[in-house]
Amino acid sequence: MTTEALNKDLISLSAADRLRLICSLYPEGVVFSTSLGQEDQVLTHLIARQQLPVEIFTLDTGRLFQETYDIMDRTIARYKVTIRTYFPDTARVEELVTRKGPNSFYESVENRKECCFIRKVEPLNRALKGAKVWITGLRAEQSENRHNLSIAEWDESRQLLKVNPLLDWTYEEMLSFIEKENIPYNKLHDKGFPSIGCAPCTRAIEPGEDIRAGRWWWEASQKECGLHQEKVHS
């Protein structure tokens, strides 16, 4: 089935049915990357409740909020799932911090992207090695970069199918579903953090600010870390 044909089938389905269809087409090799944010908690709920054969993993950069670890514990206890954790390469982190210090990412976009690559992109590439389908919690509303995405896309650089089951969900629809299903979520969301990443690089947003304004707030326009960009560099 072509990606175009798959999208035609997926567009009319609910998120739960989208996940079921993908798992029926790919009985093996389906993985889900969770950052333990609200979107990803919805997907974990749908995967666990339907007992789908999806491997769940997360990236621990070494700079996460304590609240993120807390929700990871609560999620594992609630859904009885295994969340495989990938860490950055120790030697590369040690070399970076020794060479540039612990806060080099504040100094330039280039430095920040270097840190993101070492702590996030490289571990993600390891996590996705051998996978056939990568499920993400991306929503089109989250940023301009995501407006033109499709529910299913071919990731040429990683040679796998990337599926975004919540792509057409609104923020309000997501919150309503979380409340209805009593899905556990990171308590930082109640303190003005719609998007949560590494602690040094994430702040609460002010009323009226863009949903991604709290990520790398010292940068004028760079609001992606490289995980969802087609071309990444070593």
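Each chain carries its own residue numbering, running from 1 in the direction its sequence is written. Whole-chain, interface and lining totals are the exception, using all residues; otherwise, since this is a predicted model, local features are given only for residues with pLDDT of at least 70 and side-chain atom pairs are given and counted only at 80 or more. Only heavy atoms go into the side-chain values, all of them from the structure, while hydrogens and water stay out.

Named according to an unreviewed UniProt entry, the chain is Adenosine 5'-phosphosulfate reductase originating from Flavihumibacter petaseus NBRC 106054. UniProt positions are given in the numbering used here, feature names are shortened, and annotations may be inferred rather than shown by experiment. Quoted verbatim from the Subcellular location (unreviewed entry) heading of the UniProt record, the comment on the chain is "Cytoplasm".

Phi angles above zero are rare outside glycine, and L36 is one such case at about 70°. Think of it this way: any DSSP run of H or I at least four residues long counts as a helix, any run of E at least two long counts as a strand, and we number them from the N terminus. Within the secondary structure, L36 sits in the loop between β1 (30–33) and α3 (38–49). Even without a glycine there, the phi angle at K80 is positive, about 55°. Within the element layout of this structure, K80 appears in the loop between α4 (66–79) and β3 (83–86). Each residue's exposure class comes from its accessible area (1.4 Å probe, protein chains only) as a fraction of the maximum for that residue type: buried when under 20%, exposed when over 50%, partly exposed otherwise. By relative accessible area, K80 is classed as exposed at 69%.

Another point: the packing of aromatic side chains. Centres within 6.5 Å make a pair out of two Phe, Tyr or Trp rings, where for Trp the six-membered ring is used; the pair is then stacked when the planes are under 30 degrees apart, edge-to-face when over 60, and tilted otherwise. In this structure the tally under the stated criterion is eight aromatic pairs. Seen from their ring centres, Y106 and W218 are 4.6 Å apart, and the 75° between their planes marks the pair as edge-to-face. One end of the pair, Y106, is in the loop between α5 (90–100) and α6 (109–128); the other, W218, is in the segment after α7 (171–181), with 112 residues separating them in the sequence. Overall, W218 belongs to the partly exposed group, its relative accessible area being 25%.

Here the focus is α6. Here the bend at a residue is taken as the angle between two axes, fitted respectively to the seven residues that end there and the seven that start there. Of all the bends found along α6, the most pronounced is centred on F117 and spans about 45°. Counting buried residues along α6, 14 of its 20 residues qualify, which places the element largely inside the surrounding structure. Of the residues one or two after α6, G130 is the one with positive phi, at around 85°.

Attention shifts here to the sheet that holds strand β4 (residues 133–135). One open sheet accounts for six strands, arranged β3-β2-β1-β4-β6-β5; its pairing is mixed. Looking at the sheet topology across the chains shown, the edges are occupied by β3 and β5 (152–155). Sheet twist, expressed as the average angle between the axes of neighbouring strands with direction ignored, equals 30°. Strand pairing follows a simple DSSP-based rule, namely that at least 2 bridges must link the two strands. With four bridges joining them, β5 and strand β6 (residues 160–163) adopt antiparallel strand pairing. Paired with D155 across the strands is L160, a residue of β6. Along the sheet, α3 makes contact with β1, β2 (55–59) and β4, crossing β1 at roughly 145°. For helices, the axis comes from a line fit to the C-alpha atoms of the stretch in contact; other axes are also lines fit to C-alpha atoms, and the angle between any two N-to-C directions lies between 0 and 180 degrees. Between two residues, a contact is recorded if the distance between any of their heavy atoms is within 4.5 Å.

Quick look at the side chain of N164 now. Following the sequence through the fold, N164 ends up in the loop between β6 and α7. In the analysis that follows, any N or O atom pair within 3.5 Å is treated as a polar contact, provided that within protein one partner can donate a hydrogen and the other can accept it, and provided that, for residues neighboring in sequence, both atoms belong to side chains. Within the structure, the side chain of N164 is placed 2.6 Å from the side chain of T136, a separation counted as a polar contact. Residues in contact with N164, not counting those within four places in the same chain, are T136, L138, L149, S150, I151 and E153.

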